[in-house]
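Structural overview for review
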Amino acid sequence: MLFLLVIIGSVFSIAIGRFETVNKADEAAQARLISEKVASTIEEVYSGGEGHEIKIEMPPDIKGSNYDVSVNQSGVLIRVGGWRGYSYSFFKKISNYDLTQEKVTMHSNKKYTVKNVKDGKINKVIIF
C-alpha cells in the first residue's frame, strides 16, 4: 500500500509539473501573438501611406498576468511574467502623439490608435 501511495504521489507531481509547463507555454504563445499583432499593425499603417490609421485594443491580461509592450524603431518588445518576447520590424520612425518620443509603451486593457503622419520629408508612425 505504501509503495502504491508513493507511485501515485510521483505521478501526481509529474502531472502538475507538466500542467504548469503547458500554462507557461500558452502564456508565451499569447504574448507572441500580441507582439506580432502590434508589429503587423505598424507595418500595415506605415505601408498604407500618410493618413492611414488603425485602432488596436490591447487585451486585459495574459493568463491573469499583466504585461506591457514597448515599441521602438526596430520592433516590438513584450514583457509578461518574467518572460520577454520580441517581434522585429523594418526600421521606421515611431513616436507618441506629441512626436517627442522614439519609444512608446503600450499597456494592457487600453485602446490605441496607430497612424501614419508626415513629419517634414519623412513619414512617422505615431501611437496614441
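Residues numbered from 1 in each chain as written. Predicted model: local features only at pLDDT ≥ 70, side-chain atom pairs only at ≥ 80, totals over all residues. Heavy atoms only, no water.

**Notes on unusual backbone geometry**
One non-glycine residue with positive phi stands out, namely K63, at about 50°. Relative to the helices and strands, K63 is located in the loop between β1 (53–57) and β2 (67–72). The class for K63 is partly exposed, based on a relative accessible area of 43%. Here N109, not a glycine, exhibits a phi torsion of approximately 60°, which is positive. Within the secondary structure layout, N109 lies in the loop between β6 (104–107) and β7 (111–119). (Helix = DSSP H or I, 4+ residues; strand = E, 2+ residues; numbered from the N terminus. Buried < 20%, exposed > 50% of the residue type's maximum accessible area, 1.4 Å probe, protein only.)

**Quick look at helix α1 (residues 2–48)**
Taking 1.5 Å per residue as the helical rise, α1 with its 47 residues ought to reach 69 Å, and the 69 Å between its terminal C-alpha atoms agrees with that figure. What α1 keeps buried is the set E27, A31, I34, S35, V38, A39, T41, I42 and V45. (Expected span 1.5 Å × (residues − 1).)

**A short note on the side chain of S108**
Looking at the secondary structure, you find S108 in the loop between β6 and β7. Using a relative accessible area of 16% as the deciding quantity, one classes S108 as buried. Here S108 is in contact with M58, P59, P60, N66 and Y67, once residues within four sequence places are set aside. (Contact = heavy atoms within 4.5 Å.)

**Some remarks on the nonpolar core**
Among the nonpolar cores identified, the biggest contains 22 residues, and I42, V69, V71, M106 and I127 are the most heavily contacted of them. Where this core is concerned, the elements lending two or more residues are α1, β2, β3 (75–80), β6, β7 and β8 (122–127). At six residues, the largest contribution of residues to this core is made by α1. Once residues lying within four places of it in the same chain are set aside, the contact partners of M106 are V38, I56, M58, D68, V69, V71, Y112 and I127. (Core = buried A, V, L, I, M, F, W, Y, C linked by side-chain atoms within 4.5 Å.)

**Looking at the pairing of β3**
Along β3, five of the six residues are buried, which leaves the element largely enclosed by surrounding structure. Pairing of β2 with β3 involves six bridges; the strand directions are antiparallel. Within the sheet, the bridge partner assigned to S70 lies in β3 and is L77. Counting the residues in the hairpin turn of β2 and β3 gives two residues. (Pairing = 2+ DSSP bridges.)

**Some remarks on the pairing of strand β4 (residues 83–88)**
Note that β3 and β4 share six bridges and pair antiparallel. Looking at the pairing, V80 lines up with W83 of β4. Hairpin connection, β3 to β4: the antiparallel pair is bridged by two residues, and G81 has positive phi, about 50°.

**Let's talk about the confidence of the model for the protein chain**
If pLDDT is low for a region, its predicted coordinates should not be looked at in detail. Predicted confidence across the protein chain gives a mean pLDDT of 82, with 94% of residues reaching 70 or more. Per-element mean pLDDT across the protein chain ranges from 71 in strand β5 (residues 93–95) up to 92 in β1. (pLDDT = per-residue confidence, 0-100.)

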